[in-house]
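One letter stands for each residue in the lines below.
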Amino acid sequence: MIHSLFLINASGDIFLEKHWKSVVSRSVCDYFFEALERATEPENVPPVIPTPHHFLINVLRHRIYFVAVIQSEVPPLFVIEFLHRVVDTFQDYFGVCTEAAIKDNVVVVYELLEEMLDNGFPLATESNILKELIKPPTILRTVVNTITGSTNVGEQLPTGQLSVVPWRRTGVKYTNNEAYFDVVEEIDAIIDKSGSTITAEIQGVVDACVKLTGMPDLTLSFMNPRLLDDVSFHPCVRFKRWEAERILSFIPPDGNFRLLSYHVSSQNLVAIPVYVKHNISFREGSSQGRFELTLGPKQTMGKAVESVLVSSQLPRGVLNANLNPSQGTYTFDPVTKLLSWDVGKINPQKLPSLKGSMSLQTGASKPDENPTINIQFKIQQLAISGLKVNRLDMYGEKYKPFKGIKYMTKAGKFQNDCHLLVIQKLAG
Amino acid sequence: MIHLIMDTFLRYLKEREQEQLVKILSFMFYIFRHDDLKEMLDSNKDSLKLEAMKRIVAMIARGKNTSDLFPAVVKNVACKNIEVKKLVYVYLVRYAEEQQDLALLSISTFQRGLKDPNQLIRASALRVLSSIRVTIIVPIMMLAIKEAASDMSPYVRKTAAHAIPKLHSLDPEQKDQLIEVIEKLLADKTTLVAGSVVMAFEEVCPDRIDLIHKNYRKLCNLLIDVEEWGQVVIINMLTRYARTQFLNPNINESLLEDSSEKAFYASDDEEDEDKKAEAAALVKRKPYVMDPDHRLLLRNTKPLLQSRNAAVVMAVAQLYFHLAPKAEVGIIAKALVRLMRSHSEVQYVVLQNVATMTIKRRGMFEPYLKSFYIRSTDPTQIKILKLEVLTNLANETNISTILREFQTYIKSMDKDFVAASIQAIGRCATNIGEVRDTCLNGLVQLLSNRDELVVAESVVVIKKLLQMQPEQHSDIIKHMAKLIDNIQVPMARASILWLIGEYCEHVPKIAPDVLRKMAKTFTNEEDIVKLQIINLAAKLYLTNSKQTKLLTQYVLNLAKYDQNYDIRDRARFIRQLIVPTDKSGALSKYAKKLFLALKPAPVLESPFKDRDHFQLGSLSHLLNAKAGGYQELPEWPESAPDPSVRNVEVKDSVCARRTVLTGPEGAGSVPVNMILLAHLTESDSGSGSESASASDESGSGSESEESGEETESEKEEEDEEKEKKRKKRLDKTKAKKPAEESAERCAIHTSYQINTIAPSGSIKMYELLHRITGEGLAVEYCFSRQPFSPDPNMVAVQIQFTNNTNSETKNLHIEEPRLQSGMRIREFAEIGLQPTGESVTVVMGIDFCDSTQAANFQLCTHTRKFFVSIQPPVGELMTPVFLTENDFKKEQGKLMGMNEISEKLTLGEKCVNEHVIVERVTATANLSRVPCGSDKECRFAGKTVSSGCLVLVTVTTKEGGRAQLTVNCEKMVIGTMLVKDIMQALSQ
């Protein structure tokens, strides 16, 4: 299926290649470079590029293109999903997935790729199995290895591949048994100029970090499982049990994993935790424009809105902006026309605002594009949908684990369409 | 050494300088090339070897050629250090193709590995061996694959499945032999193998759909527990399979569509065809009943929509789109919308497929309209696809919201996207008559936009819209005529000119004036504009020659000397047509008809129309072109092929059904499934019910024979008791092995999971501790015939504790095993607490060293110790081996003389047929049946658990109930004992 893999960095150098079948010349990447040149933005390269003899399927992560070469029919998502899995594995192993990290660990990368695919068909993609085969490099282990000459490759043979729970390695032992769950929710919203919501959805995930000895069998129940409209599970979750009782019952993988992703239906009203008041105007004939932006919290159940970051793409005609933030710092890039304002925490008593003027190119007519305002924020200890974990029980092992649950809400794709109100008034 | 020095050097230099240095010194490198690496590889130290291999692999990764090191590296193929070994494998697989002769040196290492007792080593040896692309070793590979395909370990069998496509691509002539292996592996019942073998099937023989029949139900049931990548492959294959085997569930609906179409286009003179159609319709009108197997597929794939893997979700979605009744397709929409949250590449592919689906089944995605709204941060290609979906979803009810959304898009800064939005508005306007005027007005307003691109795109779209009803819109045409002074985009100018020319009758005063202006600027225009000027001139000449004759002449003269020959050609052609001369032919009479014919309005179609003839989710669908190796999705058959081909053989089911009755544990999967299916088929009155019910009958027949001697009541009691036990034990197994329980997500399928390798047969319980001796603690044991996973050389013994005391029993464990030399015991984990009246089942492993000596040990509770012993019947010391008839004969040939024991016997009264013999033998010994051509002979094969010696049993029946029993086994003691046991079983 997958013939070869090329890793290409932002400046267009192939810095790693791996072949699972006969070697494919790296000149095949020329077609990719052509497509890259044609695309205006790096993310606009088509994911599938046909060439006379091969097909190139690529994904872009961390400014590295992972280009897979295939020769015959295969579901494109199959390849894309696999490539993302490769990136996730690298991230898991090296902490980051950058060109430098890959180059430093090129041998481990090669060993991983060798285990993940056999003849182009995925073989072992579960991180637990891989970690049994090839131990992730840590500083300590690197030091020890250089001194003792021992290796990263597991001495033992991977039993996980043979078991009925391929995602969990056997013989796990911890002195402190802990299970942590993070409920993270993201709001995606589009809000129009008048402040009314066009779409708002909540996407959530439950990420887990489970360090438990032996073969624990966990059940996790929610206070209000009906909120969850659409769910997708880690393969460990027993689907039948969820269907029947709305309980998550599973034997967890060892370490970090994503237990569940869910979607809270758009039928439920989504509480929007922040609001934006803005006034961006240009006067016809003058080379000045006014800019005013105020943020405020709303429906946050008393929790603080933190790490607020506002960014907006100003019209091309804007030369510079001279603004005055009441708190935080702002930057304006005159080349990309991107304004970003790092607000920090919103204090409900004293609302943050950004006011000032913009200078336009002299003689240019007033811009008529819509700047959109993107907002990012975080609210700790709150799942905006109201989802609550009821209890976590463990069966199959005798010790008492330490359990912890954390909630967080953040902005996913939060976009405020701010139309140039004043202009419309002037023109009308 | 050179390398080391260089490395230190380079570390202190900045990257740029490094590059220069590298260039300068590359020559030096060439001279000393890899000498140091060779030295390191030849050294005795593993650490040096490892370092060298790491550097070599790093070079391979960068695409550097290191093939000159081949001899030095391959020497290390048998290195003890596991990492060195692995890296050597990497190297070997990469360069073996280029260095065929040298690569052969390594083969023997792998051949040895193939015989290793450890399954993981066997698997890895096969994996590397099959990856070496050297044609000479094809026969070795073929042999290795065949052997591995009947290996005990499912993991090795999985590797064998992986090796099949490798060999096939190396030597396609092996196809026939490989298909045999595929057929064998398809029958495998483990989830581990299923995905890989279907992948091999897809690559080697995707057209051999007949191989699937027997395995169809099994694949459906296993599906949920196959690993994700295998799921994708299986689902795609099953989609194709279902299209050939089942009827179109939407047949009635499509019939309705058909008939309405026919009424429309019906031609009276073709009566014959009408009759035929009627006849066909009559046949079709029969109420549609879905094949239970079709339903099974739909039901078992549905939970996979919840998978975290986008490829799996997409695979299920396409399966539902292609196979499900219209009313059920809707459930996939939610899952697909969920995928839109994923990475942009995933979004791209999903949107492409959604776009195709929305054309055929618009209603499905309507509730999720808002999920397709465009965000300013989306990449342009995603924006354009979303736009496509939104346009497809537009209908009378939602068009106003969609148009409002489109209006905001037009103000975006992304110009490609704005252009696409305007086109989308145009398409909405053509599709939905009600909003045509609104759209048109909106587009006309855009004509005063400051951005020329917006204006140009609007002009092009307006032109297309106006063509639909030009009469009402002469003012718009006038407005556009004015625009010609300002607009510079050639495509837009050309469009305006074409419009004026086409509808010059609606604007009789303006048209000549436009031509006048254009004649002035003719020489400076772009080619497409010039062509349209000539066109306009010609049309005006024909309708209004009085005013425009001179102008036309002038334009045509200009065109005559144009640089572009197309334009010169066109001018010449038009002049001949419209200006009557004596030489001009008959055509000029029709000039008016030619130029001013009523032109059909263009249909603005989605580029995704008709893409659904490609299987959705496939690469070919995405590219809208057939990719190599794409398998066409067949049309539904007119009438369903015989569904009974999917029935699993009757023989199996008899045997299996008996297991349900007698064997309390490991109740075979086949039976549950068979009974279920039998019910299904019966209730649905499908033709397949015959064979299924036949199996029922024969099954119950053998049962009544069995229990004939017992009185009715006794039997009932016993059954009840057994049922209870079974339930209890099942419960316990669950508690004990929660791991296995995960398999339970699909009810029927669990049973498959329980035992997959051992052939079904009754399982006898033995007493280990009577409840009186045990002071209330009763212990029974049986040989579960499962492979004992922690140690394959041990026999699995399942022990059941029942606590009949009034108090709890604590700390149940084993102490002081007293064993014969060589025997080993793997104890069960201590049972902490056993409440009153409960039973607990555990499994322990004993390596009996292929002898029937008893294993003695103490069974301890918190208060007491009991001496107990387990003595295995000889038949439990072996595990089944799958052999073909040929292999069996070959192996038998090797075990002649001393190793063969043959006895004559008279069969017992009840051993009337083959089934009973098979049953009796498999009940006595843990052997598997070997397929055999003659019905006079039954063959069985197995191997001893501890040493792996083959045990071959042949029973030949003769006239008058006489028979001959032959056992071939290297271990004569075992052979002799086995003969005795089997004789006893058969003569009863």
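Source: prediction; values computed, not measured. (Residues numbered from 1 in each chain as written. Chains lettered and ligands numbered in written order. Predicted model: local features only at pLDDT ≥ 70, side-chain atom pairs only at ≥ 80, totals over all residues. Heavy atoms only, no water.)

1. Observations regarding the overall build of chain A
- When helices and strands are tallied, chain A shows eight helices and 23 strands.
- A buried classification covers 56% of the 428 residues belonging to chain A.
- Residue pairs in contact within chain A that sit at least 24 positions apart in sequence constitute 68% of those at least 6 positions apart.
- Surface exposure of chain A reaches about 18000 Å², of which carbon and sulfur atoms provide 51%. (Helix = DSSP H or I, 4+ residues; strand = E, 2+ residues; numbered from the N terminus. Buried < 20%, exposed > 50% of the residue type's maximum accessible area, 1.4 Å probe, protein only. Contact = heavy atoms within 4.5 Å. Areas by Shrake-Rupley, 256 points an atom, 1.4 Å probe, with all protein chains shown as cover.)

2. Regarding the pattern of salt bridges
- Applying the stated criterion across every chain yields a total of 57 salt bridges over all chains.
- Note that Arg217 of chain B is salt-bridged to Asp293 of chain B, the shortest N-O span being 2.9 Å. Here Asp293 of chain B lies in helix α18 (residues 292–301) and Arg217 of chain B lies in helix α14 (residues 216–222), a separation of 76 residues in the sequence. Like Asp293 of chain B, Arg217 of chain B is buried.
- The partner of Glu876 of chain B in a salt bridge is Arg785 of chain B, and the shortest N-O contact between them spans 3.2 Å. Taken as a pair, Glu876 of chain B in the loop between β9 (865–870) and β10 (878–880) and Arg785 of chain B in strand β2 (residues 777–787) lie far apart in primary sequence, 91 residues in all.
- Classification of Arg785 of chain B as buried rests on a relative accessible area of 9%.
- Residues participating in the shared-partner salt-bridge network are Glu81, Arg85 and Glu126 of chain A together with Glu228 and Arg308 of chain B. (Salt bridge = Lys/Arg side-chain N within 4 Å of Asp/Glu carboxyl O.)

3. What to know about the confidence of the model for chain B
All names here are of chain B.
- Residues with a pLDDT of 70 or more make up 81% of chain B, whose mean pLDDT is 78.
- Mean pLDDT across the elements of chain B ranges from a minimum in helix α41 (residues 747–754), with 36, to a maximum in helix α19 (residues 310–323), with 94.
- Under a pLDDT of 50 for its full length, residues 258–271 has, in the predicted model, two contacts with residues more than four places off or in other chains.
- Of the regions scoring below 50 in pLDDT, residues 730–761 engages in 80 contacts with residues more than four places distant in sequence or in other chains.
- Overall fold confidence for the complex sits at a pTM of 0.70, while the interface term, ipTM, reaches 0.87. (pLDDT = per-residue confidence, 0-100.)

4. Quick notes on the interface of chain A and chain B
- Each partner contributes residues to the interface: chain A has 100 residues there, and chain B has 95 residues.
- With both sides pooled, the region where chain A packs onto chain B buries about 8700 Å², and carbon together with sulfur makes up 58% of that total.
- Connecting chain A to chain B are ten salt bridges.
- A salt bridge links Arg127 of chain B to Glu115 of chain A, with the shortest nitrogen-to-oxygen separation between them at 3.5 Å.
- The greatest single-element share of the side of chain A that touches chain B, amounting to eight residues, is contributed by helix α2 (residues 76–94) of chain A.
- A class-by-class count of the residues in the side of chain A that touches chain B yields 49 nonpolar, 24 polar and 27 charged. (Buried area = accessible area lost by both parts, 1.4 Å probe. Nonpolar A, V, L, I, M, F, W, Y, C, P; charged D, E, K, R; others polar.)

5. With respect to the environment of Met983 of chain B
All names here are of chain B.
- With respect to the helices and strands, Met983 occurs in helix α44 (residues 972–987).
- Given the relative accessible area of 23%, Met983 is considered partly exposed.
- It is 7.0 Å that separates the C-alpha atoms of Met983 and Leu905, two residues lying 78 residues apart in sequence.
- Those residues in contact with Met983 that sit more than four places away from it in its chain are Glu903, Lys904, Leu905 and Leu965.

6. Quick word on the sheet that holds strand β22 (residues 389–395) of chain A
All names here are of chain A.
- The strand order β12-β10-β22 describes an open sheet built from three strands, whose pairing is antiparallel. The open sheet is flanked by β12 (247–250) and β22, the only strands paired with a single partner. Adjacent strand axes in the sheet meet at a mean angle of 15 degrees, parallel and antiparallel pairs treated alike.
- Both strand β10 (residues 217–222) and β12 contribute to a ladder of four bridges, which runs antiparallel. Looking at the pairing, Leu218 lines up with Phe250 of β12. (Pairing = 2+ DSSP bridges. Axes fitted to C-alpha atoms, helices over the stretch in contact; angles between N-to-C directions.)

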